[in-house]
Amino acid sequence: MLKGKNILLGITGSIAAYKSLFLIRLLVKEGANVKVLLTPSAKEFVTPLTVSTLSQNPVYADFYNLETGEWNSHVELGLWADMMLIAPVTASTLSKMAYGAADNLLITTYLSARCPVFFAPAMDLDMYKHPSTIANISSLERFGNIFIKPTSGDLASGLVGEGRMAEPEEIIDILRKYKNSGALSGKKVMVSAGPTYEKLDPVRFIGNFSSGLMGIELAKEAEALGAEVTLVCGPTHLEMPEHIQVISVVSAEEMAKACFEHYKEADIAIMAAAVADYTVKEKSNTKIKKKANSLSLTLIPTTDILFEMGKRKKNNQFLVGFALETENELENAEKKRIEKNADMIVLNSLNTPGAGFSKPTNQVVMLTKNGEQVSTQLKNKKEIAKEIWQTVVNLVK
Ligand code: CTP
């Protein structure tokens, strides 16, 4: 369950910080991407070098990198995370989280994070039992954060009692089993992704450069937000996400059939696939032989899947299309949204360097049926997927 998840681990100044090093190792072993935030006092307990080596990522501790003058964006880090885990969390950090006392990078990031936040306290037994600690823990639970209860045993003070941070294996188990009650829980989502291949003969096809990455990230993000997801995906070399129902298709016709089938049950559908507009009229069963001069092929239109889904759309369904334009982009995209009866269209521009087809990054403008335009920066497609879902979630609320 944690494979490919972006996990932000916050470590605070407690003797239990040594256990966080094991946590990092276990998370990396699970296949998670781990970034670590240290509070100023955490650096007294674990070194940034150890943490960075284990997590295979830079460590974040200060608002600024004084050497380069760069700002460590807590907003970017908060958006990057699929899950935030603060372990160990001291009584001091607990109170800062409860009151929003944003005097270090960990707290500012906590306040910016939109993902589920887990916290595993570690402190002496009397501190743990103090009414202020109890009140702070219940405030965090009221905010929707997930409390990982400390265990009883020998404490660093020499006393024996409740206050030991939960063991790393136990924490990992809680993260693994966490079933998101996120913004899309209870919703059925269908996403189309990738190119289609239109066969000419047994060895050739007409295709396009779509990698499928945008649609795959959209499907993964929907799953992270608690949706039951079906991904209808054209031919791609990318790894298919786990825990998501994947219907692999090749041609536009196969994609249409699978989409229509699964759209019936869907609450939300996002059509990110680059579907061929034309297919070959007569496919050859044998390899087309080289001819002396030119070769002509007759192409016939495929079904416009989004258009057809727009026609079939029920009142409780929300339909999102993509538009790839090279000229009069906004105007053409809005025209497409109206023609295809989509509730929102995501405009990809081929004119923006780094955005669009077969690139890891994208920059989009979302045009909604309420006449709003929501633009993103150029970001990796995972981040773009998060922004698209935020906009959709706000519209379907
Ligand atoms: N689409 C579809 N079925 C097709 C063609 C496109 O469902 N046969 C969907 C795409 O998945 C996308 C949207 O329609 O969500 C717009 O695709 P795009 O290629 O930008 O536009 P087209 O409708 O194909 O028009 P044109 O190529 O003329 O711009």
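Structure: above.
Residues numbered from 1 in each chain as written. Predicted model: local features only at pLDDT ≥ 70, side-chain atom pairs only at ≥ 80, totals over all residues. Heavy atoms only, no water.

**Student:** How would you summarise the packing of helix α4 (residues 91-99) against helix α7 (residues 131-142) if you had to cite specific residues and measurements?
**Tutor:** Taken N-terminus to C-terminus, the directions of α4 and α7 make an angle of 50 degrees; their axes are 9 Å apart at the nearest point. With respect to each other, α4 and α7 are oriented oblique. As α4 runs across α7, the sense of the crossing is left-handed. Here Leu94, Ser95, Met97, Ala98 and Tyr99 of α4 come into contact with α7, specifically with Thr133, Asn136, Ile137, Ser139 and Leu140. Grouping the amino acids of the contact of α4 with α7 by side-chain chemistry returns six nonpolar, four polar and no charged. (Axes fitted to C-alpha atoms, helices over the stretch in contact; angles between N-to-C directions. Helix = DSSP H or I, 4+ residues; strand = E, 2+ residues; numbered from the N terminus. Parallel < 35°, antiparallel > 145°, perpendicular 65-115°, else oblique. Left-handed = near helix turned anticlockwise from the far one by under 90°. Contact = heavy atoms within 4.5 Å. Nonpolar A, V, L, I, M, F, W, Y, C, P; charged D, E, K, R; others polar.)

**Student:** Tell me what's going on with the nonpolar core, and back it up with residues and numbers.
**Tutor:** In this structure, Leu218, Ile388 and Trp389 are the most contacted members of the largest nonpolar core, which totals 31 residues. When residues of this core are traced back to their parent elements, those giving at least two are β11 (188-193), α9 (213-224), β14 (228-233), β16 (268-271), β19 (318-325), β20 (344-349), β22 (364-368) and α13 (381-396). Among the elements that take part in this core, α13 stands out by supplying six residues, more than any other. Setting aside its immediate chain neighbours within four residues, Ile388 contacts Met214, Leu218, Ile270, Phe322, Met344, Val346 and Met366. Of all hydrophobic cores here, the second largest spans 30 residues; its members include Ile7, Ala17, Val34 and Ala42. (Core = buried A, V, L, I, M, F, W, Y, C linked by side-chain atoms within 4.5 Å. Buried < 20%, exposed > 50% of the residue type's maximum accessible area, 1.4 Å probe, protein only.)

**Student:** Before we move on, could you go through the site of the ligand and cite the residues and values that matter?
**Tutor:** As a structural note, the neighbourhood of the ligand is formed by 16 residues, with Met271, Ala273, Phe322, Lys336 and Lys340 the closest of them. Ile305 places a polar main-chain atom, nitrogen or oxygen, 3.0 Å from a nitrogen atom of the ligand. Protein chains shield 77% of the accessible area of the ligand, which is 570 Å² for the free molecule. When atoms are counted within 2 Å of each cavity's grid points, the one that captures over half of the ligand is the largest pocket. Of all the elements in the fold, those that place two or more residues in the shell around the ligand are α11 (305-312) and β19. A total of four residues in the shell around the ligand trace back to one element, the largest contributor, which is β19. For the shell around the ligand, the per-class residue count stands at nine nonpolar, three polar and four charged. (Near = heavy atom within 4 Å. Polar contact = N/O pair within 3.5 Å; in protein donor to acceptor, adjacent residues only side chain to side chain. Areas by Shrake-Rupley, 256 points an atom, 1.4 Å probe, with all protein chains shown as cover. 1 Å grid on protein atoms, 1.4 Å probe; cavity = no way out; pocket = protein on both sides within 12 Å on 5 of 7 lines; lining within 4 Å. Sits in = over half its atoms within 2 Å of the grid points.)

**Student:** Could you give me a rundown of the side chain of Asn145, with the residues and numbers involved?
**Tutor:** Within the secondary structure, Asn145 is located in the loop between α7 and β8 (146-147). A polar contact is formed between the side chain of Asn145 and the side chain of Tyr110, at a distance of 2.5 Å. Leave out the neighbours within four places in its chain, and Asn145 touches Met97, Tyr110, Val117, Phe119 and Leu140.

**Student:** Which residues make up the sheet that holds strand β7 (residues 117-121), and what values do they have?
**Tutor:** One open sheet holds the six strands; their spatial order is β3-β2-β1-β6-β7-β8, and the pairing between them is parallel. Single-partner strands in this sheet number two, and they are β3 (59-60) and β8. Here four bridges tie strand β6 (residues 83-89) to β7, and the two strands are oriented parallel to one another. Pairing of Met84 across the sheet is with Val117, part of β7. Across the sheet, α4 touches β6 and β7, and the angle it forms with β6 is around 140 degrees. (Pairing = 2+ DSSP bridges.)

Treat this as a map of the structure, not an account of what it does.
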